[in-house]
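Remarks on the overall topology
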Amino acid sequence: MTTHTEETGRSAGTVSPQAGDPARAGRSERLSALAQQHGALVTLVTAMAVASLSFDTFLTGDNLENMALSSAFLAVVALGMTFVIVTGGIDLSVGSLFALGGVLAAWGSRYGTVVALLLPLAVCGLIGLVNGLLIARVRLAPFIVTLAAMLGARGILLAITDEGSTTYLVDKDSFFARLGQGSLLGVGVPVWITVVLFVLGAVVLRRTRFGQYVYAVGGNEDAGALMGAPVARTKVSVYTLSGLCAGLAGALNAAWLVSGVTILGTGMELEAISAVVIGGTLLSGGFGFISGSLVGVLLLKVIQNVINQIGSLDSAYQQVVSGAFLAVVVVAQTLLGRRRRVL
Amino acid sequence: MTELTLTGASLDRARLLRLFQDYGVYAGVVVLLLFNFAFTPHFVSAENFRTQAVQVAPVLIVALGMALAIGTEGVDLSVGSVMALSTSLLSLYLGYGPWIAALTAVLGGVVVGVANGALIAFVGVQPIVATLALMVAGRGLALVLLPQLKDVRDPGMARLGSGAVLGVPYLVLIAAALALVVAFVVRRTTFGRQVLAIGDSRAAARLAGLPVRRVLVVVYVCGGALAAVAGVLATARLAASDPTSLGTLMELSAITAVVVGGTPLSGGRVRVGGTVAGAVLIQLLTTTLIKHDLPPSWTQIAQAVVIVLAVYAARERGRR
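Residues numbered from 1 in each chain as written. Chains lettered and ligands numbered in written order. Predicted model: local features only at pLDDT ≥ 70, side-chain atom pairs only at ≥ 80, totals over all residues.

We now examine the overall build of chain A. In terms of helices and strands, chain A carries 14 helices and two strands. Taking all 343 residues of chain A together, the buried fraction comes to 50%. Once local pairs closer than 6 in sequence are excluded, the contacts in chain A between residues at least 24 apart make up 76%. (Helix = DSSP H or I, 4+ residues; strand = E, 2+ residues; numbered from the N terminus. Buried ≥ 20, exposed ≤ 12 C-beta atoms within 10 Å, placed from the backbone. Contact = placed C-beta atoms within 7 Å.)

In structure tokens form, the structure reads like this:
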């Protein structure tokens, strides 16, 4: 909300010489801000309404449960990604970390649930920390550092699974497996965990000093530093957080699948980035919200689900639609953003 | 930093660093070659060199286009999907003869390039997102056109894939010719200057009256066309169209080759020779590890280390 008021404040000063009707200018600016914030949500609701009218099987408990579960893992990854993108960075390593987290969790599950959860968190968090240090302290480009981490993490994964030929299994009756497979009040445990994490994430980004630093670093790094925001520490924190989220998502996914599948996660970084961008967060940093990313994830999964429902369509269409959708969203966002800047 | 550079010791250090930045990638290639000459059995054979060069050719061709995009401070993530699209189009139109099919495939790459360029230059979308959208959609489109692997049985394509002139495979000749063309364009043409000027500062380039938008579109069109050519060549070599896996992670290999070759991600500088050496270096590194029975996991970790080292070296230049 702060961003919005700032924008209004700025426009009030600049708009007066040329626009005769400031009230109207304010209204159209508010509209474009609303579209940017809630466009994804409106689209999601519309898509779901159309889907439930068109397919009897869409709005059934089973189908919704499936969608919620398959969204949960991507959503946790997108949560960490949102923090990174709001600082103006990017994290390409999350797909590999997701897979690595799953394998480590499955391997660790033989020593109990605590190990199964802490091991992936520790390793993926550490890799995220190294990313953050290279980016913030050594000042290397986020794109390339996390690209290297993506390759490196995949390499580590191959190294601990005999070049991908060993799949560690999780004992079906263990408490850890229940974290993935169990349900509470009819909703899967991973979904609950995801919801809790998103509430926490939203509070942290919106209501804490750290969250303000994240926005400040993304808005203008130098200005942020001058205002006293700990730029380097904030950056290191967001990449660590992203690593932790990816590792946790991988661990939960392994619990759900009761095995550490080695081939997961390729292309997941791009899915997560798409979801965050569709949710209204700007890749240039300084603007974005947690709830948007959740909507973005759900929208991607609804598209996927609808295309699966149309049995005759090949699943390849899903990629065409997702890609086209992403293009439309970024064009709309750029145009809306430009409009707001001009006003 | 400024006081430090005045002292003699750090001047030497700066010069060393500059040397490392400019020639490090070539030195790396030489070191790896020497190592293999000495320790790898059966490395020194015409057959082996031919295999290595043929494997490097598609990566190199894609990397040339990537170097131009990175030179304008952009990036093109769609190249792998363009390769897939190109292989699908190629096998769909093969009935009309290999030339028509290859042209259609390249045209497909051009269309993707126009879409990328328009999004980036006219709408103002960041290159990474614009090309990400085309990457996702392009792979999907390739699979819609050709849902599964299909053998390519065409004498023309077979000759392109495995033929050679004086022992040098066509693929390698084409890659070398394209590298020379791109090097010429970057160094000797107005367009090349404009690319570098835009990479240095887009705002300054616009103020200087350069046709920024047109140049950007052309850069991404070149990237798309080159990726499509790489797709055609890869299809010819494999004698099969596989839109599911052809070109996956190609964008990363190409970016790696460009960055390792000393082209800074911040734009304003394109090193074509370095890009060639970068592609060769990654190929040699992989071969060396494989020939010495080290598992693929090592290759990936080694590649990661090389990338970080390369950007670390490039960063010092940016600071000075």
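From this point, the discussion proceeds with the structure in view.
From N to C terminus, chain B includes 14 helices and four strands. Over its C-alpha atoms chain B spans a radius of gyration of 20 Å, differing by no more than 12% from the 20 Å that the globule rule assigns to 320 residues. Its C-alpha atoms give chain B principal-axis dimensions of about 70 × 55 × 35 Å. Looking at chain B as a whole, 50% of its 320 residues are labelled buried. Within chain B, contacts between residues at least 6 apart in sequence are counted, and of these 78% link residues at least 24 apart. (Rg over C-alpha atoms; globule rule 2.2 N^0.38 Å.)

We now examine the nonpolar core. In terms of nonpolar packing, the biggest core is built from 206 residues, with Val77(A), Leu60(B), Val62(B), Ala63(B) and Ile307(B) touching the most fellow members. For this core, the element with the most residues is helix α11 (residues 212-238) of chain B, which contributes 17 residues. With near-sequence residues (within four places) excluded, Ala63(B) lies in contact with Ala254(B), Ala257(B), Val258(B), Thr275(B) and Ala279(B). (Core = buried A, V, L, I, M, F, W, Y, C linked by C-beta atoms within 7 Å.)

Attention now goes to helix α12 (residues 250-260) of chain B. All names here are of chain B. Of all 11 residues in α12, 10 are buried, a share of seventy percent or more. The complete set of buried residues in α12 reads Met250, Glu251, Ser253, Ala254, Ile255, Thr256, Ala257, Val258, Val259 and Val260. Looking one or two residues beyond α12, the residue adopting positive phi is Gly262, at roughly 95 degrees.

Attention now moves to the interface of chain B and chain A. Contacts between chain B and chain A engage 36 residues on the former and 39 residues on the latter. Counting only elements with at least two residues in the side of chain B that touches chain A, the list comes to α5 (98-123), α6 (127-145), α12 and α14 (296-319) of chain B.

Another point: the environment of Gly243(A). Residue and element names in this part refer to chain A. If you trace the backbone, Gly243 turns up in helix α11 (residues 231-257). Spatially, the C-alpha atoms of Gly243 and Arg233 are 15 Å apart, while their sequence positions differ by 10 residues. Ignoring any residue separated from it by four or fewer positions in sequence, one finds Gly243 in contact with Leu97, Cys124, Gly125, Ile127, Gly128, Leu129 and Asn131.

Here we take up the packing of helix α4 (residues 94-108) of chain A against helix α5 (residues 113-136) of chain A. Residues and elements named next belong to chain A. The contact between α4 and α5 brings their axes to 7 Å, and the two run at 150 degrees. The angle between the axes of α4 and α5 places the two elements in the roughly antiparallel class. Crossing of α4 over α5 shows right-handed handedness. Listed contacts from α5 to Leu97, Leu100, Gly101, Leu104, Ala105 and Gly108 of α4 are Val115, Ala116, Leu117, Leu119, Pro120, Val123, Cys124 and Ile127. (Axes fitted to C-alpha atoms, helices over the stretch in contact; angles between N-to-C directions. Parallel < 35°, antiparallel > 145°, perpendicular 65-115°, else oblique. Left-handed = near helix turned anticlockwise from the far one by under 90°.)

Moving on, we come to the confidence of the model for chain A. When pLDDT is averaged along chain A, the result is 82, and 89% of the positions lie at 70 or above. Within the model, the stretch residues 1-20 of chain A combines pLDDT values under 50 with 13 contacts to residues more than four positions away or in other chains. (pLDDT = per-residue confidence, 0-100.)

Our focus in this paragraph is unusual backbone geometry. All names here are of chain B. Of note in the backbone geometry, His42 takes a positive phi value of approximately 65 degrees without being a glycine. Relative to the helices and strands, His42 is located in the loop between α2 (8-39) and α3 (46-71). The backbone phi angle of Leu166 is positive, close to 50 degrees, even though this residue is not glycine. Assessed through the 5 C-beta atoms surrounding it within 10 Å, Leu166 is described here as exposed.

The next point concerns the confidence of the model for chain B. Residues and elements named next belong to chain B. Of the residues in chain B, 95% have a pLDDT of 70 or more, and the chain-wide mean is 88. Looking over chain B, one finds the lowest element-wise mean pLDDT in helix α1 (residues 2-6), namely 47, and the highest in α11, namely 95. Note that residues 1-6 has pLDDT below 50 and, in this model, four contacts with residues that lie over four places away or in other chains. For this predicted complex, the interface score ipTM comes out at 0.77, alongside a pTM of 0.83.

Before going further, it helps to spend a moment on the packing of helix α9 (residues 190-200) of chain B against α11(B). Residues and elements named next belong to chain B. The contact between α9 and α11 brings their axes to 10 Å, and the two run at 105 degrees. Classified by the angle between their axes, α9 and α11 sit roughly perpendicular to one another. Contact residues: Phe191, Gln194, Val195 and Ile198 in α9; Val212, Val215, Leu216 and Val219 in α11. Within the contact of α9 with α11, the residues separate by chemical class into seven nonpolar, one polar and no charged. (Nonpolar A, V, L, I, M, F, W, Y, C, P; charged D, E, K, R; others polar.)

Okay, the environment of Leu298(A) next. Residue and element names in this part refer to chain A. Position of Leu298 among the secondary structure elements: in helix α13 (residues 290-309). For Leu298, a count of 23 C-beta atoms within 10 Å translates into the label buried. Leu298 sits 224 residues away from Leu74 along the chain, and the two C-alpha atoms are 9.4 Å apart. When near neighbours in sequence (up to four residues on either side) are disregarded, Leu298 contacts Leu44 and Ser71.

Take α4(A) next. What sets the pattern is the α-helix's 3.6 residues per turn: residues three or four places apart point alike. Look at α4(A): 20 Å from first C-alpha to last across 15 residues, which is about the 21 Å you get at 1.5 Å a residue. Counted residue by residue, α4(A) has 15 buried out of 15 residues, so it is predominantly covered. (Expected span 1.5 Å × (residues − 1).)

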